[in-house]
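# Summary of the model geometry
So the chains spell out like this:
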Amino acid sequence: MKGGNRMGRRKKEPESTHRENIAMAAERLFMRGGIEATTMNDIAKEAGYSKATLYVYFADKEEIVSFLVLKSMKMLYSHISEAVEGKATAKEKYRKICRALVNYQEQYPLYFALALGEINVELDRENELPLEKETFETGEQINHKLEEFMCAGIKAGEIQPDIPVLQTAFLFWAALAGLIQMSVNKQAYLEKAMNVSRQQFLEDGFERLYRLISTEENK
């Protein structure tokens, strides 16, 4: 009887709840064994659904991954937005962006890795997943936040005025994300071969990157 009541309650839950439950089960498996090694059978078992029920909410594993990618991009946008809000110098905002990205990677390593992956830009494809357009738009929102940060710095005379803003924003996103991920993958090497901690490596890298666009050296 208890099991029947539980199944009855589950059926009454909205579709979004089921999708979230399944995606979170997939996330746990992806974290443990990787995306490629995880099957739909594995996900169904972890989530406590039958495989047939799983396909009611997701067409395949690719759609589950797309769901998690979109979630990762939304979380990243939230972190970036919070970092650049308020009144502060360009350098202070830049440091907040760096800290936000480090915290994001440490708290959500899978999402951080997914956010670095390829994003579909061919949004007129017939077989385009519904989630892909929203993921692309969220990525554009992140780029615009970084653009706003740089434009405000240029206006304040703290960032060089002749830089191509959009390209530079994307370059910094790539450089910062790569730097953070490298510091995770090569932490033992940094400590043994370079005699620096991960934090020291990051702080130095963040500072060197900022100097590329800052007007401080020219004053």
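That block above? That's the structure.
To start, this report covers the structure provided alongside it. Quantities reported herein were computed from a predicted structural model and do not represent experimental measurements.

### Quick word on the pattern of salt bridges
This model, assessed by the stated rule, comprises 12 salt bridges. Here Arg28 makes a salt bridge to Glu46, at a shortest N to O gap of 2.9 Å. You can see Arg28 sitting in helix 2 (residues 15-33) and its partner Glu46 sitting in helix 3 (residues 40-47), a full 18 residues away along the chain. Its relative accessible area of 29% is what places Glu46 among the partly exposed residues. Glu207 is the salt-bridge partner of Lys91, the closest N and O atoms lying 3.2 Å from each other. Of the two residues, Lys91 is situated in helix 6 (residues 90-107) and Glu207 in helix 11 (residues 198-211); the sequence distance between them amounts to 116 residues. Assessed through its relative accessible area of 23%, Lys91 is described here as partly exposed. Where salt bridges share partners, they join Lys91, Glu207, Arg211 and Glu216 into one cluster.

### Focus: unusual backbone geometry
At Asn195, a position not held by glycine, the phi torsion is positive, near 60°. Relative to the helices and strands, Asn195 is located in the loop between helix 10 (187-194) and helix 11.

### A short note on the nonpolar core
Within the largest apolar cluster, 60 residues are counted, with the highest numbers of intra-cluster contacts made by Ile22, Ile43, Tyr94, Ile97, Met150 and Phe206. Sort the elements by how many residues they give to this core and helix 5 (residues 61-84) lands first, with 12 residues.

### Side note on the side chain of Arg95
Along the polypeptide, Arg95 turns up in helix 6. Owing to a relative accessible area of 18%, Arg95 belongs among the buried residues under this scheme. Setting aside its immediate chain neighbours within four residues, Arg95 contacts Glu203, Phe206 and Glu207.

What counts and what doesn't
- Along each chain, the written sequence defines residue order, and numbers are assigned to residues from 1.
- Residues qualify for local features only when their pLDDT is at least 70, as the model is predicted, and side-chain atom pairs are given and counted only at 80 or more; totals for whole chains, interfaces and linings, by contrast, use all residues.
- Processing note: side-chain calculations cover all non-hydrogen atoms of the structure and skip hydrogens and water entirely.
- Whenever Lys or Arg places a side-chain nitrogen within 4 Å of a carboxyl oxygen from Asp or Glu, that contact is recorded as a salt bridge.
- Runs of H or I in DSSP of at least four residues are treated as helices and runs of E of at least two as strands, each being numbered from the N terminus.
- A simple rule labels every residue: compare its accessible area, found with a 1.4 Å probe on the protein chains alone, to the largest value its type can have, and call it buried under 20%, exposed over 50%, or partly exposed in between.
- Take the buried residues of types Ala, Val, Leu, Ile, Met, Phe, Trp, Tyr and Cys, join any two whose side-chain atoms come within 4.5 Å, and each joined set is a nonpolar core.
- What makes two residues a contact is simply this: any of their non-hydrogen atoms within 4.5 Å.

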